[in-house]
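One letter stands for each residue in the lines below.
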Amino acid sequence: AVAEETPPGDLLRRRDASFATVQEHYYADPPRIERGWRHHLVDTEGRAYLDMLNNVTVLGHGHPRLAEAVGRQWRLLNTNSRFHYGAVVELSERLTATLPEPLDTVFLVNSGTEANDLALRIAWAWTGRRDVVAIREAYHGWSDATDAISTSVADNPDALGTRPAWVHTLPAPNAYRGTHRGADAVRYGPEAAGAIRELTAGGRPPAAFICEPYYGNAGGMPLPDGYLPAVYEAVREAGGLCVADEVQVGYGRLGEWFWGFEQQEVLPDIVTVAKAMGNGHPLGAVITRRDIAERYRSQGYFFSSAGGSPVSSVVGLTVLDVIRDEGLQENARTVGAHLRSRLLELADRHELIGAVHGTGLYLGVELVRDRRDLTPAVEETAAICERLRELGVIVQPTSDRLCVLKIKPPLCLTRESADFFADMLDVALTEGW
Ligand code: PMP
């Protein structure tokens, strides 16, 4: 039977019978989404939901220019990237043009996991070493190597107890609820640098340090001032490479900055990007220096069948064009600032809101039972997400504690829709749970 003609309960049963149930899904009783338009999703009953969650679909759903470009390219040519065609060259040039000069060489892949996996292999080849430093409560992917450096407990409840010996983790530099809070958070950087120097002195200098330059799993929280400069310095002293995982934060979403690392005023050796780069199409990239990229040859050659294919390259180019032509980074800045101020105003009236994290359209609302002991309001967060769905808004909990509303909508979000979200959140918080 055609899936769309199947009653909802039957379709869920068929999903669980045919699709791996270990994969998590949104909602116990999910709306059946049939189509999307801009920052809205529409279910099979014709009900529209405001999509506050879809950090992959940066341009918005159903973008006609992207659909047109992809359709045209499919009819013309799609093949693997061993052939010679213009789009892969143009995309590589356009990507490096967004980055500071030494980052001039591109590898094209199909996902964030692949990009980070490749970044690690590049660092291993460059240094001839194995050890990697990552920060706790992060997620970098599901492959063997990227899973090893992911210590988010949402990913694996015994994440810290099950790391291979080559993985070294640093405390999550969380300025809201970590060991150093508020102004004290500047201590994370020097302490992390000290830990890296100790590792090096102990004969295990890192091949790489990897982290999100703007802390995604905390709900979109900036790293403390000076954090990456201090850590990058210690890693470079040890001869290691600094990898910026921009898979979630890149690019344009912060509004004020195109890339997350710009906020910390550092220059990574390797940048990884995916999600937004393809607006939902499987596309990712690793961008690094020519000399670092060349050393990868010691591993053999690099090839990805669909990475950088003509269709994928056209997707990547069109996404960059639309971000520029529709002023989406600027929209993220202005609508994001408006939304943030509305959320802060809600925090004045609702005790449950402990903090509003983030910049642009990379925001998180952290819900706590008590503003002094910061007890995560886990059940409340889940109940509020359910109620918001009834009210026509899609949003989900994030962070290791699942007490942060993850607010990372398509970058075409309008001021009116931002207001609708804030109004509905106000309703849900006022009603209680
Ligand atoms: N890094 C970060 C920071 C991510 O958020 C994700 C995806 N959640 C990944 C890597 C993995 O990307 P993908 O799902 O495309 O493999």
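This one's a predicted model, so the numbers in the text were calculated from it and none came from an experiment.

Enquirer: I'm lost on the overall build of the chain in this one. Help?
Expert: For the chain, the helix and strand inventory stands at twelve helices and 17 strands. Since a compact globule built from 433 residues should have a radius of gyration of about 22 Å, the 22 Å found for the chain is in line with a globular shape. Dimensions of the chain, computed from C-alpha atoms along their principal axes, come out at roughly 60 × 55 × 45 Å. Evaluated residue by residue, the chain yields a buried proportion of 49% over its 433 residues. A fraction of 73% describes how many contacts in the chain between residues 6 or more apart in sequence connect residues 24 or more apart.

Enquirer: What is the right way to look at the packing of helix H11 (residues 378–390) against helix H12 (residues 415–431) in this model?
Expert: Relative placement of two packed helices is described by the angle separating their axes and the distance separating the axes. Across the interface, H11 lies against H12 with an axial gap of 10 Å and an inter-helix angle of 125°. Classified by the angle their axes make, H11 and H12 are oblique. The two elements H11 and H12 meet at a crossing, and its hand is right-handed. In this structure, H11 contributes Ile384, Arg387 and Leu388 to the contact, and H12 contributes Met424, Leu425 and Ala428. Among the residues making up the contact of H11 with H12, the classes are represented as five nonpolar, no polar and one charged.

Enquirer: I'm lost on the confidence of the model for the chain in this one. Help?
Expert: This prediction gives the chain a mean pLDDT of 95; 98% of its residues lie at or above 70. Taken over the whole predicted complex, pTM reads 0.97, whereas the ipTM for its chain interfaces reads 0.99.

Enquirer: Got a minute to help me understand the sheet that holds strand S14 (residues 362–367) in this structure?
Expert: Two strands in a sheet stick together by hydrogen bonds in their backbones, pointing the same way (parallel) or opposite ways (antiparallel). Strand order in the open sheet made by the four strands is S13-S14-S17-S16, with antiparallel pairing throughout. Two strands bound the open sheet, and with one partner strand each, they are strand S13 (353–359) and strand S16 (396–398). Each adjacent strand pair in this sheet contributes to an overall mean axis angle of 30°, direction not counted. The sheet contact formed by S14 and strand S17 (residues 404–407) spans four bridges and is antiparallel. For Glu366, the partnering residue across the bridge sits in S17 and is Val404. Helix-sheet contacts for helix H10 (residues 328–349) involve S13 and S14, and the interaxial angle to S13 is about 170°. Along the sheet, H11 makes contact with S14, S16 and S17, crossing S16 at roughly 150°.

Enquirer: Explain the environment of His350 here, please?
Expert: Locating His350 in the fold gives a position in the loop between H10 and S13. Sequence separation between His350 and Glu431 is 81 residues; the distance between their C-alpha atoms is 11 Å.

Enquirer: In this structure, what is going on with the domain arrangement of the chain? I would like to understand it.
Expert: In many analyses, interface size is given as the accessible surface area lost on bringing the parts together. Structurally, the chain comprises domain 1 (3–59 + 327–431) and domain 2 (64–325). With 29 residues of domain 1 in contact, the opposing surface of domain 2 contributes 29 residues. For the side of domain 1 that touches domain 2, the element with the highest residue contribution is H10, accounting for five residues. A breakdown of the residues in the side of domain 1 that touches domain 2 according to their chemical character gives 13 nonpolar, eleven polar and five charged.

Enquirer: I'm lost on the nonpolar core in this one. Help?
Expert: Proteins that are soluble and globular tend to have nonpolar side chains buried together. Formed by 126 residues in total, the largest nonpolar core has its most connected members in Ala119, Ala123, Val231, Val243, Ala285 and Val286. Ranked by residue count, the leading element in this core is helix H4 (residues 112–127), at eight residues. Lining this core are residues from two domains, each supplying at least three of them: domain 1 (3–59 + 327–431) and domain 2 (64–325). Val286 has contacts with Phe107, Val109, Ala115, Leu118, Ala119, Ile122, Ile270 and Thr272, leaving out every residue within four places of it along the chain.

Enquirer: Would you explain the sheet that holds strand S11 (residues 270–273) in this entry?
Expert: Reading across the sheet, the seven strands line up as S4-S12-S11-S10-S7-S5-S6 and stay open at both edges, with mixed pairing between neighbours. If you trace the sheet from one side to the other, it starts and ends with strand S4 (105–109) and strand S6 (167–170), each paired once. On average, each strand axis in the sheet is tilted by 20° relative to the strand beside it, whichever way the strands run. Relative to strand S7 (residues 208–211), strand S5 (residues 132–135) runs parallel, the two being bridged by three bridges. In the strand pairing of S7, Val133 is matched with Phe209. In this fold helix H3 (residues 86–97) packs onto S4 and strand S12 (284–288), with an angle of close to 120° to the strand it touches most, S4.

Enquirer: I tried to follow unusual backbone geometry on my own but got confused; where do I start?
Expert: With glycine set apart, most residues show a phi of negative sign, and most peptide bonds adopt trans. With an omega of -15°, the peptide bond running from Gly250 to Tyr251 counts as cis. Within the secondary structure layout, Tyr251 lies in the loop between strand S10 (241–245) and S11. At Glu137, a residue that is not glycine, the phi angle is positive and equals roughly 65°. Mapping Glu137 onto the fold places it in the loop between S5 and helix H5 (144–148). With phi around 55°, Glu265 is a residue other than glycine that occupies positive phi space. Among the secondary structure elements, Glu265 is positioned in the loop between S10 and S11. The exposure class assigned to Glu265 is exposed, which follows from the 10 C-beta atoms found within 10 Å.

Cut-offs used in this document
- Residues numbered from 1 in each chain as written.
- Predicted model: local features only at pLDDT ≥ 70, side-chain atom pairs only at ≥ 80, totals over all residues.
- Helix = DSSP H or I, 4+ residues; strand = E, 2+ residues; numbered from the N terminus.
- Rg over C-alpha atoms; globule rule 2.2 N^0.38 Å.
- Buried ≥ 20, exposed ≤ 12 C-beta atoms within 10 Å, placed from the backbone.
- Contact = placed C-beta atoms within 7 Å.
- Axes fitted to C-alpha atoms, helices over the stretch in contact; angles between N-to-C directions.
- Parallel < 35°, antiparallel > 145°, perpendicular 65-115°, else oblique.
- Left-handed = near helix turned anticlockwise from the far one by under 90°.
- Nonpolar A, V, L, I, M, F, W, Y, C, P; charged D, E, K, R; others polar.
- pLDDT = per-residue confidence, 0-100.
- Pairing = 2+ DSSP bridges.
- Domains from an automatic or database assignment.
- Core = buried A, V, L, I, M, F, W, Y, C linked by C-beta atoms within 7 Å.

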